[in-house]
Amino acid sequence: MKARVKWVEDRTFVGESGTGHKLVLGTSPSPGQPTPGPSPMELVLIGTGGCTAFDVVQILEKGREAVEDCVVELEAERAETEPKVFTRIHMHFVVKGRNLAIAKVERAIQLSADKYCSASAMLAHTAVITHDFEVVDSAAP
C-alpha cells in the first residue's frame, strides 16, 4: 500500500492514495476558522468507520441478509497532551434492511470489532472502543 501527501499552502495538504484518489486535508490556523478539508485525525476516524462498515455489510451479505444501508456514527475523545491519541471511540451502527436478523447484525459488528477491522485493532491500543446499534426494518409499514 502506498500514499503520498503534498503540502499546498498554509495548513493545506493534498493526499493521494496509491490507487490515484486525491483529497484535500488540513487544519485552520486558529479555532473557529474554516478548514480546507478534514484534519488528519478526522480522516483516521472516518477511515475506521469505513473499515468497520465495509466488514459489517460484507458479513451480512455473506449471511444472505437483505441489508440495504449501513451508517456508522462515530464519536471520539482524544488525549489532552501530545500525542493527542484517541482515548475513547463510540460507534453507533444504523443498519437497514428487509427482515434483518438482529442477532446476525450484532454478530457482524462483533466480528468486525474482534477479528476483521484493522483500523479498529490499531486504535484499540490507545482507545476504549464501544459499539451499539439499531436495526431499521424497511419491510415494516
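A brief structural summary.

Digging into the packing of helix 1 (residues 40–62) against helix 2 (residues 102–116)
A pair of packed helices is captured by two measures, namely the crossing angle of their axes and the spacing between those axes. The interhelical angle for the contact between helix 1 and helix 2, taken along N-to-C directions, is 130°, at an axis separation of 9 Å. Viewed along their axes, helix 1 and helix 2 adopt a mutual orientation that is oblique. Between helix 1 and helix 2 lies a crossing whose hand is right-handed. Seen from helix 1, the contacting residues are T52, D55, V56, I59 and L60; seen from helix 2, they are K104, V105, A108, I109, L111, S112 and Y116. Of the residues belonging to the contact of helix 1 with helix 2, the class tally is eight nonpolar, two polar and two charged.

Things to note about the sheet that holds strand 4 (residues 66–78)
Judged by pairing direction, the sheet is mixed, and its three strands sit side by side in the order 4-5-6 without closing on themselves. Strands with a single pairing partner mark the edges of an open sheet, and in this sheet they are strand 4 and strand 6 (128–137). The average undirected angle you get between the axes of adjacent strands in this sheet is 15°. Pairing analysis gives twelve bridges linking strand 4 to strand 5 (residues 86–98), with the strands arranged antiparallel. Bridged to E75 within strand 5 is H90. Running over the sheet, helix 1 touches strand 4 and strand 5 and is turned about 150° from strand 4. Lying on the sheet, helix 2 is in contact with strand 5 and strand 6; it crosses strand 6 at an angle near 150°.

Rules used throughout
Residues numbered from 1 in each chain as written. Predicted model: local features only at pLDDT ≥ 70, side-chain atom pairs only at ≥ 80, totals over all residues. Heavy atoms only, no water. Axes fitted to C-alpha atoms, helices over the stretch in contact; angles between N-to-C directions. Helix = DSSP H or I, 4+ residues; strand = E, 2+ residues; numbered from the N terminus. Parallel < 35°, antiparallel > 145°, perpendicular 65-115°, else oblique. Left-handed = near helix turned anticlockwise from the far one by under 90°. Contact = heavy atoms within 4.5 Å. Nonpolar A, V, L, I, M, F, W, Y, C, P; charged D, E, K, R; others polar. Pairing = 2+ DSSP bridges.

On their own, these measurements won't tell you what the molecule is for.
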